[in-house]
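# Observations on the three-dimensional arrangement
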Amino acid sequence: MINDDFIMSPKVDFAFKEIMFNDKVRKGFLSAVLEIPVSEIKETVMKNTNLQKVHDDEKQAILDVRLVMNNNTEIDIEIQLAYMAAWADRSAFYVSKMLGEQIGINKKYSNFKKCIGINLLDFNYIKETSRFHTIYHISEDTEHFIYTDIMEWHVVELPKLPSIEDGTDLYNWIRFLKAEHKEEFEMLAKKDEYIGEAYKQLEIISQDEQKRLEYTARQKAIYDYNTLMEENWLRGKAEGRAEGKAEGRAEERRAMAEKMRADGMDEELIRKYTGV
């Protein structure tokens, strides 16, 4: 065990998964996101995060945190730090996969457990609103009544958290995920017993040498991915400029060839001087 002031960032998926192994933490977090009293959450059971593949060539889906609440609701919690344009499609795929797995277990549609996707995003994704927590169902387009509540999605965008508290438990949880210094962690831990429990877990894993190695490896993978994406974007931008210049020069040559042709110049000379 190491003795220093190092504390992991709970928004790094490795650390987040570790603190979610604590049942009390899970109940407090789910209560805040789903806006239900903790007393109504009788049980939370962690599940294997690998979703089943139906076909050998099918994409393997691996969830961050997967659990069953009260034996009637399956929940996938994902935390994503790097921007992903297709995030909504990915989330829909994961929740649909959870639902599809139940066919082999329940056999009857009436026995399906509700499936919820909770998405914690460290980037702005929903352009239509400045609210940091939005909720989605399948509903009718005109009158917006619910078609089925078998699937539900929550999107929590960390950068949109307002500076003024909104009085919700989720507000403090997102502050906890975004916190970087022990003073802020300790202040939030005093305000909410479930966040306090999460902070205890965070302190424990932060002082575990093996877990620190795993956390550092995960951080490096995130940094490497972000650097690669940035390099690819810059390379694509530079190549786009070069292609644009080349295309511009080609257009100039074609225009010149047309003018020379209109002036009655010989085709061989046009090819010689313009390359067209």
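Now for a look at the structure at hand. Keep in mind that what you see is a predicted model, and the values were worked out from it rather than measured. (Residues numbered from 1 in each chain as written. Predicted model: local features only at pLDDT ≥ 70, side-chain atom pairs only at ≥ 80, totals over all residues. Heavy atoms only, no water.)

Another aspect to go through is the overall build of the protein chain. On a plain count of helices and strands, the protein chain comes out with nine helices and six strands. Counting every position in the protein chain, which comprises 276 residues, the buried fraction comes to 41%. Long-range contacts, defined here as pairs at least 24 residues apart, represent 58% of the contacts in the protein chain between residues at least 6 apart. Surface summary for the protein chain: the accessible area is close to 16,300 Å², and the carbon and sulfur share equals 52%. (Helix = DSSP H or I, 4+ residues; strand = E, 2+ residues; numbered from the N terminus. Buried < 20%, exposed > 50% of the residue type's maximum accessible area, 1.4 Å probe, protein only. Contact = heavy atoms within 4.5 Å. Areas by Shrake-Rupley, 256 points an atom, 1.4 Å probe, with all protein chains shown as cover.)

This part covers the layout of surface pockets. Here the second largest pocket is characterised by a volume of approximately 160 Å³. Lining the second largest pocket are W87, A88, D89, S91, A92, N119, Y125, I126, Y136, W153 and V155. For the lining of the second largest pocket, the secondary structure elements donating two or more residues are α3 (87-101) and β6 (146-157). Examining the composition of the lining of the second largest pocket, we find that five residues originate from one element, α3, more than from any other. (1 Å grid on protein atoms, 1.4 Å probe; cavity = no way out; pocket = protein on both sides within 12 Å on 5 of 7 lines; lining within 4 Å. Points joined across faces, edges and corners; volume = space filled by probe spheres on them.)

For the rest of this paragraph, the subject is the environment of K17. By the element assignment, K17 lies in helix α1 (residues 13-19). In this structure K17 touches D64 and V65, once residues within four positions along its chain are discounted.

Turning to helix α6 (residues 182-191), its buried residues number three or more, namely F185, L188 and A189. Seen end-on, α6 carries its buried residues on one side only, within an arc spanning 105°. Those residues of α6 that are exposed and angled more than 90 degrees off the buried face are E183 and K190. Along its buried surface, α6 packs onto α5 (169-178) and α7 (193-206). (Arc of directions from axis to C-beta.)

As a further point, take the packing of α5 against α6. Two elements in contact, α5 and α6, have axes whose closest approach is 10 Å; the angle formed by their N-to-C orientations is 155°. On the basis of their axis angle, the class for α5 and α6 is roughly antiparallel. The element α5 and its partner α6 pack so that their crossing is left-handed. Residue-level inspection shows N172, R175 and F176 of α5 in contact with α6, the latter providing E184, F185, M187, L188 and K191. The residue makeup of the contact of α5 with α6, split by class, is four nonpolar, one polar and three charged. (Axes fitted to C-alpha atoms, helices over the stretch in contact; angles between N-to-C directions. Parallel < 35°, antiparallel > 145°, perpendicular 65-115°, else oblique. Left-handed = near helix turned anticlockwise from the far one by under 90°. Nonpolar A, V, L, I, M, F, W, Y, C, P; charged D, E, K, R; others polar.)

We now examine α3. Given a rise of 1.5 Å per residue, 15 residues ought to cover 21 Å, and the 21 Å separating the end C-alpha atoms of α3 matches this to within 8%. Turning to α3, its buried residues number three or more, namely W87, S91, Y94, V95, K97, M98, L99 and E101. (Expected span 1.5 Å × (residues − 1).)

Moving on, we get to the environment of V45. As for its placement among the helices and strands, V45 is situated in strand β1 (residues 44-46). Through-space distance from the C-alpha of V45 to that of E74 is 9.6 Å; in sequence the pair is 29 residues apart. Excluding its chain neighbours within four sequence positions, the residues that come into contact with V45 are R66, L67 and V68.

This part is about the packing of aromatic side chains. One pass over the structure, following the stated rule, counts 11 aromatic pairs. Measuring from ring centre to ring centre gives 5.5 Å for F29 and W173, while their planes differ by 80°; the resulting arrangement is edge-to-face. Of the two residues, F29 sits in helix α2 (residues 23-34) while W173 sits in helix α5, which places them 144 residues apart along the sequence. Cation over ring: K24 sits above Y194, and NZ or CZ is 5.7 Å from the ring centre. (Phe/Tyr/Trp six-rings, centres within 6.5 Å; stacked < 30°, edge-to-face > 60°. Lys NZ or Arg CZ within 6 Å of the ring centre and 35° of its normal.)

Now for the nonpolar core. Formed by 46 residues in total, the largest nonpolar core has its most connected members in I77, I118, L120, W173 and F176. Among all residues touching I118, those that are not within four sequence positions of it are F29, L30, V33, L34, I75, D76, I77, E78 and H154. (Core = buried A, V, L, I, M, F, W, Y, C linked by side-chain atoms within 4.5 Å.)

One ladder, built from seven bridges, connects strand β4 (residues 114-121) with β6; its direction is parallel. Counterpart to N119 in the pairing with β6 is V155. As paired elements, strand β5 (residues 133-139) and β6 share six bridges and run antiparallel to each other. Counted as the bridge partner of I138 is T148 from β6. Following β5, the chain reverses through six residues before pairing antiparallel with β6; H144 in that reversal takes a positive phi of roughly 65°. (Pairing = 2+ DSSP bridges.)

Another point: the sheet that holds β6. In space, the six strands of this open sheet follow the order β1-β2-β3-β4-β6-β5, with mixed pairing throughout. Unpaired on one side and paired on the other, β1 and β5 mark the two borders of the sheet. Ignoring strand direction, the axes of neighbouring strands in this sheet form an average angle of 25°.

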